[in-house]
Amino acid sequence: MSTDNDALIETRHLSKYFGSVIAIKDISMLVHPGRVTCLLGDNGAGKSTLIKTLSGVYEPSEGEYLCDGEEMHLKSPRDALARGIATVYQDLAMIPLLSIWRNFFLGSEPTKGWGPLRRFDVKKAKEITREELSKMGIDIRDPEQAVGTLSGGERQSLAIARAVYFGARVLILDEPTAALGVKQAGVVLRYIVKAKQRGVAVVFITHNPHHAFPVGDHFVILRRGSVFGDFSKDEVTLEHLVQMMAGGAELDTLTHELERVAADDPDLRRAVAELAQEVKAAPQLPGAAEPSSPPVTDGEAGPED
Amino acid sequence: MATTATEPTADRDERVRRVGGIRKLLDRPELGAIAGLIVVWVFFAIIAAENNFVGMATTASILNRAAPLGILAVAVALLMIAGEFDLSIGSILGFSGMAIMIAVTPVDAGGLGWSLMPAVILALVLALVTGLINGWLVIVTRLPSFIITLGTLFTFRGLTIAITRLRTNRTQLGNLDEVPGYEFFRSYFGRDFEILGAHFSISILWWIAFTALATWMLVRTRSGNWIFGTGGAPDAARAVGVPVRRVKIALFLTTAFAAFFVAMSQAVEFTGADTLRGTRREFEAIIAAVVGGCLLTGGYGSAIGAALGALIFAMVQQGIVITGIDGDWYQVFIGVVLLAAVIFNNFIRRKAASR
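## Some points on the overall build of chain B
Working step 1: What chain B contains, in helices and strands, is 14 helices and four strands.
Working step 2: For chain B, the proportion of its 355 residues judged to be buried stands at 49%.
Working step 3: Counted over contacts in chain B with a minimum sequence separation of 6, partners at least 24 positions apart contribute 78%.

## Considerations on the nonpolar core
Working step 1: Counting 186 residues, the largest nonpolar core has Leu171(A), Ala73(B) and Val76(B) as the members making the most contacts within it.
Working step 2: Top element by residues in this core is helix α3 (residues 56-81) of chain B. It accounts for 17 residues.
Working step 3: Ignoring any residue separated from it by four or fewer positions in sequence, one finds Val76(B) in contact with Asp86(B), Ile89(B), Thr255(B), Ala285(B), Ile286(B), Ala289(B) and Ala306(B).

## Focus on the packing of helix α9 (residues 222-232) of chain B against helix α11 (residues 244-270) of chain B
Residue and element names in this part refer to chain B.
Working step 1: The interhelical angle for the contact between α9 and α11, taken along N-to-C directions, is 105°, at an axis separation of 10 Å. Considering their axes alone, α9 and α11 lie roughly perpendicular with respect to each other. Contacts between α9 and α11 involve Trp226, Ile227 and Thr230 from the first element and Val244, Val247 and Lys248 from the second.
Working step 2: The residue inventory of the contact of α9 with α11, partitioned by class, reads four nonpolar, one polar and one charged.

## Regarding the packing of helix α4 (residues 89-104) of chain B against helix α12 (residues 281-291) of chain B
All names here are of chain B.
Working step 1: Between α4 and α12, whose axes approach to 6 Å, the crossing angle comes to 130°. In terms of their interaxial angle, α4 and α12 are classed as oblique. Of the residues in α12, those touching α4 at Ile89, Gly90 and Leu93 are Arg281, Glu282 and Ala285.
Working step 2: Classifying every residue of the contact of α4 with α12 by side-chain character gives three nonpolar, one polar and two charged.

## Focus on the sheet that holds strand β6 (residues 85-88) of chain A
All names here are of chain A.
Working step 1: Taken in spatial order, the six strands line up as β6-β9-β10-β3-β11-β12 in an open sheet, and their pairing is mixed. The open sheet has two edge strands with one neighbour each: β6 and β12 (226-232). The sheet shows a mean angle of 15° between the axes of neighbouring strands, taken without regard to direction.
Working step 2: Bridge count for strand β3 (residues 36-41) against strand β11 (residues 218-223) is five bridges, and the pairing is parallel. Paired with cysteine 38 across the bridge in β11 is phenylalanine 219.
Working step 3: Its contacts with the sheet place helix α6 (residues 182-197) against β3, β9 (170-174) and β10 (201-206), and it is angled at close to 155° to β10.

## Some thoughts on helix α5 (residues 152-165) of chain A
All names here are of chain A.
Working step 1: The terminal C-alpha atoms of α5 lie 20 Å apart, and with 14 residues this matches the ideal 20 Å at 1.5 Å per residue to within 8%.
Working step 2: Judged by how many residues are buried, α5 sits mostly within the fold: 12 of 14 residues are covered.
Working step 3: Residues Gly153, Glu154, Arg155, Gln156, Ser157, Leu158, Ala159, Ile160, Ala161, Arg162, Ala163 and Val164 constitute the buried set of α5.
Working step 4: Residues of α5 that are buried make contact with β6, α3 (100-105), α4 (122-135), β9 and α6.
Working step 5: Trailing α5 by a residue or two, glycine 167 shows a phi angle of about 85°, which is positive.

## A short note on the environment of Ile221(A)
Residue and element names in this part refer to chain A.
Working step 1: As for its position among the elements, isoleucine 221 is in strand β11.
Working step 2: In this structure isoleucine 221 comes out as buried when scored by C-beta crowding, with 26 C-beta atoms within 10 Å.
Working step 3: The sequence separation of isoleucine 221 and threonine 53 amounts to 168 residues, and the corresponding C-alpha distance is 17 Å.
Working step 4: What isoleucine 221 contacts, discounting residues up to four positions off in sequence, is Leu40, Gly41, Phe228, Gly229, Met244 and Met245.

## Quick word on the pairing of β10(A)
Residues and elements named next belong to chain A.
Working step 1: Across the six residues of β10, six count as buried, placing the element largely inside the fold.
Working step 2: Residues Ala201, Val203 and Ile205 line one face of β10 and the alternating positions Val202, Phe204 and Thr206 line the opposite face, and both faces are buried.
Working step 3: For β3 and β10, the ladder comprises five bridges, and the chain directions are parallel. If you follow threonine 37 over to β10, its bridge partner there is valine 203.
Working step 4: Sheet topology note: the β9/β10 ladder contains five bridges and is parallel. Its bridge partner being in β10, aspartate 174 is matched across the sheet by isoleucine 205.
Working step 5: After leaving β9, the chain enters α6 and then returns to the sheet as β10, a path that is right-handed.

Rules of the game
- Residues numbered from 1 in each chain as written.
- Chains lettered and ligands numbered in written order.
- Predicted model: local features only at pLDDT ≥ 70, side-chain atom pairs only at ≥ 80, totals over all residues.
- Helix = DSSP H or I, 4+ residues; strand = E, 2+ residues; numbered from the N terminus.
- Buried ≥ 20, exposed ≤ 12 C-beta atoms within 10 Å, placed from the backbone.
- Contact = placed C-beta atoms within 7 Å.
- Core = buried A, V, L, I, M, F, W, Y, C linked by C-beta atoms within 7 Å.
- Axes fitted to C-alpha atoms, helices over the stretch in contact; angles between N-to-C directions.
- Parallel < 35°, antiparallel > 145°, perpendicular 65-115°, else oblique.
- Nonpolar A, V, L, I, M, F, W, Y, C, P; charged D, E, K, R; others polar.
- Pairing = 2+ DSSP bridges.
- Expected span 1.5 Å × (residues − 1).
- Right-handed = clockwise from strand over helix to strand, strands pointing away.

Read these as geometric descriptors, not functional statements.
Spelled out as structure tokens, the structure:
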């Protein structure tokens, strides 16, 4: 684990309550430039609340949120943006009927001329769009194309490229691969790596360890509102991640259940046997059993509804 | 860099099909209006050939009719692209016209006895206030502008009728040409040009100027980009820093200004105003904008299209008048043209959204 002073953003014992509901509790994590920090968690683990807190939508109820080692109190997403913390939401990214270049610069259009003749520098906008996209390795067909005609993966990639161009130092990606097919997800993962190579600190939120593992440098696993585990890449394997995500015990139960159901179906039985094999094969994790570096709380500390 | 078979070249990508002119035209929102214009013109050119549909006099009449509607339609189109409606534009028109007339009417007849310049400024200010009320109500209540401006449609019209009757005990006021300052306004807003024996109103030039200005703003300024963004996906636009509320307020002011402008030039042209002037203009302007390619859901459309839509509207009106077709059929025709345009636009949009 790296030292605190080169972290771009840091949270210390961050908690967010909604009335009596504890959405996230005691989250401590570090995000470094040029690294991909994966936030993994199943539904209800507190991912959305954490992202919204990081991106300035919510103010934390307790704990500290630091940027460049300084504590900050974000009032809105604009505040976060001003500090270079950009969030790309799954669907809140693009305007489908507008062309690619218009979308790219929406809200930050380059202008030329002055006074009443100040106008959108269309030529420059198109050039930059093309340039920036190809820098990210995104290969667009025609910048005049309406964004609605792009595939989901292309749209996500475009949103990432835009955030990077407009000076994002921290890029928070909310489930960018969730709604995508295998190939499209691969496209987005490639741009995540590109962004990382350009020195951006990427926070990649996902519930899919198969997407997180190849690109992540650092994995934070959320369960029931708390940090369940915090590992760097060399401390963990994909199997561990899968197991921790689902919870080893729960996966075991599932295997048994499936075995009962599958008793009559040879194909299904074989599949279940393979799954059981996989679960057994995954070695017990040192990190999950006795946490070393960050404070790890188990499920019981989560919200009691 | 990852292994890609072909480097993306700066000039041309091999996956971009060379699209023909027709294909490119299909992507333009104005296409429906251009096609409609040709169809309607050819239709009347054939059935009204004996009534001189193709000729300077008829052309002038069509353009003179189209100009005031076109000015309204262009403003309405901008607002519709931003995802809102203004149904009160006809009432604001009537309201501004009467404001001018009451201000210039002699004191003993219930007016203020002003000269024309201050009266026009007063009407402008009042019109902008009505626009502000519309915009402010839409923003604050977050109700659909359709319902808000439907309410102000009646409110503003009612105020116009009530105040005029209260002060002057009349529904029409005239004799504007006797008011000091009239000649100045007439030379800019009420004049005719004679070309080959036909009289063209100066409002045609204003119509063209407003259309050009609106088009330039839409496609070549950041405000234009914001208008498209505001209508296309307000939340996404706000998230990237577009001042969505300010855009909407500004456009409600624009439609109110257009209504004022038409009211003023018509008052000057006809040397008077009527409390019912502008009635149903709001629908005609929306029809023109929709025929011109604006989507009712916002985010798509064009000012040139709306101007062409107004031209189609006027052409149908004039065509029916000179053909001698029973005027009762006029509304049927307008209704059919509107439906055809909406169906066509819907088809185009689906094509644009999922090519």
